[in-house]
Amino acid sequence: MVIPVHDVNPVRRTPWVTYALIAANVFVFLSTPGIAGSVAGGSDLSQTCHLQAFLEHYAAVPRELIHHQMPQLVPTGGVRGGGCLLAPPGYDKSPPLSVLTAMFLHGSWLHLLGNMLFLLIFGNNVEDRMGHIRFALFYVVCGYAAGYGFALLNADSGDPLIGASGAIAGVLGAYLVLYPKARVWVLVPFLIFLPLRLPAWLVLGFWFVLQAFYSAGEGVSAAGTVAYAAHVVGFIAGMLLAWPLKPGTPPPPEPRGLLFGRRAQPRHTW
């Protein structure tokens with residue numbers, strides 16, 4: 001898997017919504033009960049139980065979204081014996097609202113930083129093209145499409161779904177439609193990390209194919225613990241929503257020097 005680090009595609013205005021989303025995700029992560037233990041490198045049972053109770057309350061659960069089957073017993077955050085204390089929920093959970101809250105929850109630093117890296121690199125240009133308000137709405141719509149799409153494919157699952165990757169996959173899909181020829185600096189692991197500048201269609205197309213491959217259960221055991229199907233649905237939703245904007249999108253600047261088999265023409269010769 002290539003790791004994007006920067007795109008050669010300047011913006012005309014400050015991407016305030018992208019920055020706000022990143023700040024909100026980091027704030028929620030640091031405020032999540034029980035996450036302090038994982039940050040410090042370990043966690044005790046009490047922290048684990050607090051985290052389970054928090055996720056049960058705010059994460060999206062496919063069974064709740066599709067069948068509206070709410071659990072009769074949930075973790076309370078307390079500890080009993082060698083496990084977490086269970087009791088009837090002391091709150092009324094809204095399954096549709098949980099899709100929104102789940103977009104700001106992450107289970108680890110790696111999960112958070114990986115998502116925020118992709119959002120930072122590709123979100124600014126999509127926001128620049130759409131405008132602040134439309135981009136914010138677009139982000140939420142893609143997140144809901146990814147969440148409900150995954151739930152429809154896993155309607156009987158009681159496992160919590162968390163993370164911003166479904167919404168960010170929509171951002172990637174939009175970027176592919178709007179800026180397929182933009183150049184992206186990536187690190188390719190090959191003995192060492194090799195820096196390469198590749199076209200966005202190759203980087204994001206490869207990412208999408210890989211997600212689709214994994215969502216089918218290929219290459220990972222039982223699709224692992226990552227909701228790859230949510231990535232696929234979010235990506236497609238982003239492409240469809242961005243398609244009407246494609247005709248009026250200005251092209252990215254031409255790269256200078258030899259790049260991927262093409263040499264840009266110099267502006268001056270002497």
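What this report covers is the structure whose coordinates are included nearby. (Residues numbered from 1 in each chain as written. Predicted model: local features only at pLDDT ≥ 70, side-chain atom pairs only at ≥ 80, totals over all residues. Heavy atoms only, no water.)

Considering the sheet that holds strand β5 (residues 192–199)
As a general point, the strands of a sheet are linked pairwise by backbone hydrogen bonds and lie either parallel or antiparallel. The strand order across the open sheet formed by three strands is β1-β4-β5, and the pairing between neighbours is antiparallel. The open sheet is flanked by β1 (3–8) and β5, the only strands paired with a single partner. Ignoring which end each strand starts from, the neighbouring axes of this sheet average 25° apart. Taken strand by strand, helix α9 (residues 200–215) contacts β4 (183–190) and β5, and its axis lies near 115° from that of β5. (Pairing = 2+ DSSP bridges. Helix = DSSP H or I, 4+ residues; strand = E, 2+ residues; numbered from the N terminus. Axes fitted to C-alpha atoms, helices over the stretch in contact; angles between N-to-C directions. Contact = heavy atoms within 4.5 Å.)

Comments concerning the pairing of strand β2 (residues 74–80)
Examined bridge by bridge, β2 and strand β3 (residues 83–87) share four bridges and lie antiparallel to one another. Note on β3: the bridge partner recorded for V74 is A87. Joining the antiparallel neighbours β2 and β3 is a turn of two residues, in which G81 adopts a positive phi near 65°.

Some words on the packing of aromatic side chains
A ring pair, where both rings are aromatic, is described by two values, the distance of the centres and the angle of the planes. All told, the structure shown has 14 aromatic pairs when counted by the stated rule. Every member of this aromatic cluster is reached through a ring pair, and the members are F118, F122, Y175, Y179, W207, F208 and F235. (Phe/Tyr/Trp six-rings, centres within 6.5 Å; stacked < 30°, edge-to-face > 60°.)

Some details on unusual backbone geometry
A positive phi angle is found at H68, which is not glycine, with a value near 55°. With respect to the helices, strands and loops of the structure, H68 is situated in the loop between α4 (62–67) and β2. A relative accessible area of 53% places H68 in the exposed class. (Buried < 20%, exposed > 50% of the residue type's maximum accessible area, 1.4 Å probe, protein only.)

Concerning the pattern of salt bridges
Overall, the coordinates contain three salt bridges when judged by the stated rule. Here R13 makes a salt bridge to D128, at a shortest N to O gap of 3.4 Å. Of the two residues, R13 is situated in the loop between β1 and α1 (16–31) and D128 in helix α6 (residues 109–130); the sequence distance between them amounts to 115 residues. On the accessibility criterion, R13 (36% relative accessible area) is partly exposed. (Salt bridge = Lys/Arg side-chain N within 4 Å of Asp/Glu carboxyl O.)

Description of a nonpolar patch on the surface
Taken together, the side chains of F190, L191, I192, L194 and L196 define a hydrophobic patch exposed on the protein surface, amounting to about 560 Å² of accessible area. Here the element with the most residues in the nonpolar patch is β5; it accounts for three residues. Classification of L191 by relative accessible area gives exposed; the value is 88%. (Patch = residues over 30% accessible without salt bridge, like charges linked within 9 Å, V, L, I, M, F, W, Y side chains within 5 Å. Areas by Shrake-Rupley, 256 points an atom, 1.4 Å probe, with all protein chains shown as cover.)

Some points on the state of the cysteines
Inspection of the entire model under this criterion finds one disulfide. Disulfide partner of C49: C84, at an S-S distance of 2.0 Å. In this structure, the disulfide formed by C49 and C84 twists by about -90° around the S-S bond and is classed as left-handed. Of this pair, C49 sits in helix α3 (residues 45–58) while C84 sits in strand β3, and the two are 35 residues apart along the sequence. Judged by its relative accessible area of 0%, C49 falls in the buried class. Residue C84 is classed as partly exposed on the basis of its relative accessible area, which comes to 21%. (Disulfide = S-S within 2.5 Å.)

Section: the environment of R183
Checked against the element boundaries, R183 lands in strand β4. Sequence spacing of R183 and L196 is 13 residues, and the spatial spacing of their C-alpha atoms is 9.7 Å. Within polar-contact distance, the side chain of R183 engages the backbone oxygen of K181 at 3.0 Å. (Polar contact = N/O pair within 3.5 Å; in protein donor to acceptor, adjacent residues only side chain to side chain.)

A short note on the side chain of D128
When its relative accessible area of 5% is taken as the criterion, D128 is described as buried. Those residues in contact with D128 that sit more than four places away from it in its chain are V11, R12 and R13.

Observations regarding the side chain of H231
Take H231: it is sitting in helix α10 (residues 228–242). Those residues in contact with H231, other than ones at most four positions away along the chain, are S165, G166, A169, W207, Q211 and V226.

Function cannot be inferred from these measures alone, as they are strictly geometric.
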